[in-house]
Amino acid sequence: MRKVILSLFLLQSSGYVAANTVVDTQDWITDGVFTQGIEGPAVDDAGVLYAVNHQQQGTIGKVTAQGKAETLLTLKNGSIGNGIRFDKQGNMYIADYVNHNVLKVTKSALAQGGDLSQSVTVFAHDNRMDQPNDLASMDNGILFASDPNWQASSGNLWRINTSGEVTLLEADMGTTNGIEVSPDNKTLYVNESVQRKVWRYELDEQGNISNKQLFISFTDFGLDGMRTDNQGNLYIARYGAGVVAVVSPQGKLMKEIKLKGKHPTNVAFGGGEGKRLFITMQKRGAIEMAEVEFAGREK
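Residues numbered from 1 in each chain as written. Predicted model: local features only at pLDDT ≥ 70, side-chain atom pairs only at ≥ 80, totals over all residues. Heavy atoms only, no water.

### Quick notes on the sheet that holds strand E6 (residues 68-74)
Backbone hydrogen bonds hold the strands of a sheet together, and the pairing may be parallel or antiparallel.
Line of reasoning, step 1. Ordered by their spatial adjacency, 4 strands build an open sheet running E3-E4-E5-E6, and the pairing between neighbours is antiparallel. Only two strands of the sheet have a single partner each, and these edge strands are strand E3 (34-43) and E6. Within the sheet, the average angular offset between the axes of one strand and its neighbour, ignoring direction, is 30°. (Pairing = 2+ DSSP bridges. Helix = DSSP H or I, 4+ residues; strand = E, 2+ residues; numbered from the N terminus. Axes fitted to C-alpha atoms, helices over the stretch in contact; angles between N-to-C directions.)

Written out as structure tokens, the structure is:
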């Protein structure tokens, strides 16, 4: 157990004024249980937490309780997962950045238990993808994928419909990484890690985007995975800064959740009331947990 500072920034006419609130946080999974490729936290309807690269690269780990993790499956053909998301039916989707895929494991397969390596199928594939990274989903099952090219500091934005059809929504962006949908399904957020910017788009029911606007930008450190809570606040993993930034739907920085490690890669909500925030930590190969005020939009 460890005390962690939440720095609350209040926007006033003279600028940001910091106020501090102390809350209890703790390691959910300790150092070295996952590799430094740990990413993609997601929680299913039963409250089970998943993340990629348990013990070795190319695996999906299953966390059933604090301090209890096991390997759920090993991906085939050299695939390595990054972002994970569940749809409303309980199916799991995995961004496979090695083979340009979005993979799928059905809810029925997950319920069977045992070694599920043979249950993984390719849901979507496009050779034009550099390395699909993070995933976001609308309530109707439409997925979005960020697709960074780290060497070129560029990226793309993709939509995957419910039949697995892939559509390029925007090319030649900055280094696209974290991606999320608002609780009302009317806004898509996409961040660019190297450029330290978060963009917002208007969404329609078919997953079409319009009216791109700069949502918030930062002057230091990188940006990684993102999630919204049920109030529409956006939680952004600040890679290198050792914090999760909490930003209002109006694009104002409200507070920062200070972490033990410096390199958070992604976040997910879980717990009985959905108010536990799980944070995957790259250099530690661990998962930290913070109790937050609002439940997540989704797990």
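### A short note on the sheet that holds strand E13 (residues 154-160)
Line of reasoning, step 1. If you trace the 4 strands from one edge of the open sheet to the other, you get E11-E12-E13-E14, paired in antiparallel fashion. Each edge of the sheet is formed by a strand with only one pairing partner; in this case those strands are strand E11 (135-137) and strand E14 (166-173). Taken over all neighbouring pairs, the strand axes of this sheet differ in orientation by 20° on average, direction set aside.
Line of reasoning, step 2. Relative to E13, strand E12 (residues 143-149) runs antiparallel, the two sharing 7 bridges. Across the sheet, residue Ala-145 finds its bridge partner in E13, namely Trp-158.

### Considerations on the pairing of E13
Remember that side chains alternate between the two faces of the sheet whenever the strand is regular.
Line of reasoning, step 1. Across the 7 residues that make up E13, a large majority, 6, are buried.
Line of reasoning, step 2. Linking two consecutive strands that pair antiparallel, namely E12 and E13, is a turn of 4 residues; a positive phi of about 55° is found at Ser-153 within it. (Buried < 20%, exposed > 50% of the residue type's maximum accessible area, 1.4 Å probe, protein only.)

### Here we look at unusual backbone geometry
Line of reasoning, step 1. At Asn-77, a position not held by glycine, the phi torsion is positive, near 60°.
Line of reasoning, step 2. Note on placement: Asn-77 falls in the loop between E6 and strand E7 (81-86).
Line of reasoning, step 3. Residue classification places Asn-77 among the exposed positions, given a relative accessible area of 70%.
Line of reasoning, step 4. Positive phi is not limited to glycine here, since Asn-211 has a value of about 50°.
Line of reasoning, step 5. Inspection of the secondary structure assignment puts Asn-211 in strand E18 (residues 209-217).

### Digging into the UniProt feature "domain: SMP-30/Gluconolactonase/LRE-like region" (unreviewed entry) in the chain
Line of reasoning, step 1. Feature annotation in UniProt places "domain: SMP-30/Gluconolactonase/LRE-like region" (unreviewed entry) on residues 39-281, given in this structure's numbering.
Line of reasoning, step 2. The span residues 39-281 shows a helical share of 2% and a strand share of 54%, and its end C-alpha atoms are spaced 8 Å apart. (UniProt positions renumbered as here; feature names shortened; annotations may be inferred.)

### Describing the nonpolar core
Line of reasoning, step 1. If you look at the biggest cluster of nonpolar residues, it comprises 18 residues, and the most contacted ones within it are Leu-72, Leu-73, Ile-84, Met-92, Ile-94 and Val-105.
Line of reasoning, step 2. In contact with Val-105, not counting residues within four places along its chain, are Leu-73, Asn-91, Met-92, Ile-94, Leu-110, Ser-119 and Val-120.
Line of reasoning, step 3. Core analysis: the second largest hydrophobic core is formed by 13 residues, Ile-142, Leu-157, Val-181 and Trp-199 among them. (Core = buried A, V, L, I, M, F, W, Y, C linked by side-chain atoms within 4.5 Å. Contact = heavy atoms within 4.5 Å.)

### Description of the packing of aromatic side chains
Line of reasoning, step 1. Tallying each qualifying case throughout the model produces 5 aromatic pairs.
Line of reasoning, step 2. Seen in terms of ring centroids, Tyr-93 and Phe-123 are 5.0 Å apart; in terms of plane orientation they differ by 65°. Their pairing is edge-to-face. Of this pair, Tyr-93 sits in strand E8 (residues 92-96) while Phe-123 is found in strand E10 (residues 121-125), placing the two residues 30 residues apart along the sequence.
Line of reasoning, step 3. Take Tyr-93: its relative accessible area is 5%, and that puts it in the buried class.
Line of reasoning, step 4. Overall, the relative accessible area of 16% leaves Phe-123 in the buried class.
Line of reasoning, step 5. With a centroid separation of 4.9 Å and 55° between ring planes, the pair formed by Tyr-189 and Phe-215 is classed as tilted. With Tyr-189 in strand E16 (residues 187-192) and Phe-215 in strand E18, this pair connects stretches of sequence that are 26 residues apart.
Line of reasoning, step 6. Judged by its relative accessible area of 3%, Tyr-189 falls in the buried class.
Line of reasoning, step 7. Judged by relative accessible area, which is 9%, Phe-215 ranks as buried.
Line of reasoning, step 8. Its guanidinium or amino end placed over the ring of Phe-218, Arg-238 lies 4.2 Å from that ring's centre, counting from NZ or CZ. (Phe/Tyr/Trp six-rings, centres within 6.5 Å; stacked < 30°, edge-to-face > 60°. Lys NZ or Arg CZ within 6 Å of the ring centre and 35° of its normal.)

### With respect to the pattern of salt bridges
Line of reasoning, step 1. Summed over all chains, the structure comprises 14 salt bridges.
Line of reasoning, step 2. Among the salt bridges present, the one from Glu-298 reaches Arg-85, with a minimum N-O distance of 2.5 Å. Highlighted residues: Glu-298 in the segment after strand E25 (286-291) and Arg-85 in strand E7, separated in sequence by 213 residues.
Line of reasoning, step 3. With relative accessibility at 11%, the residue Glu-298 sits in the buried group.
Line of reasoning, step 4. For Arg-85, a relative accessible area of 1% corresponds to the buried category.
Line of reasoning, step 5. Asp-126 serves as the salt-bridge partner of Arg-128, at 2.8 Å between the closest nitrogen and oxygen. (Salt bridge = Lys/Arg side-chain N within 4 Å of Asp/Glu carboxyl O.)

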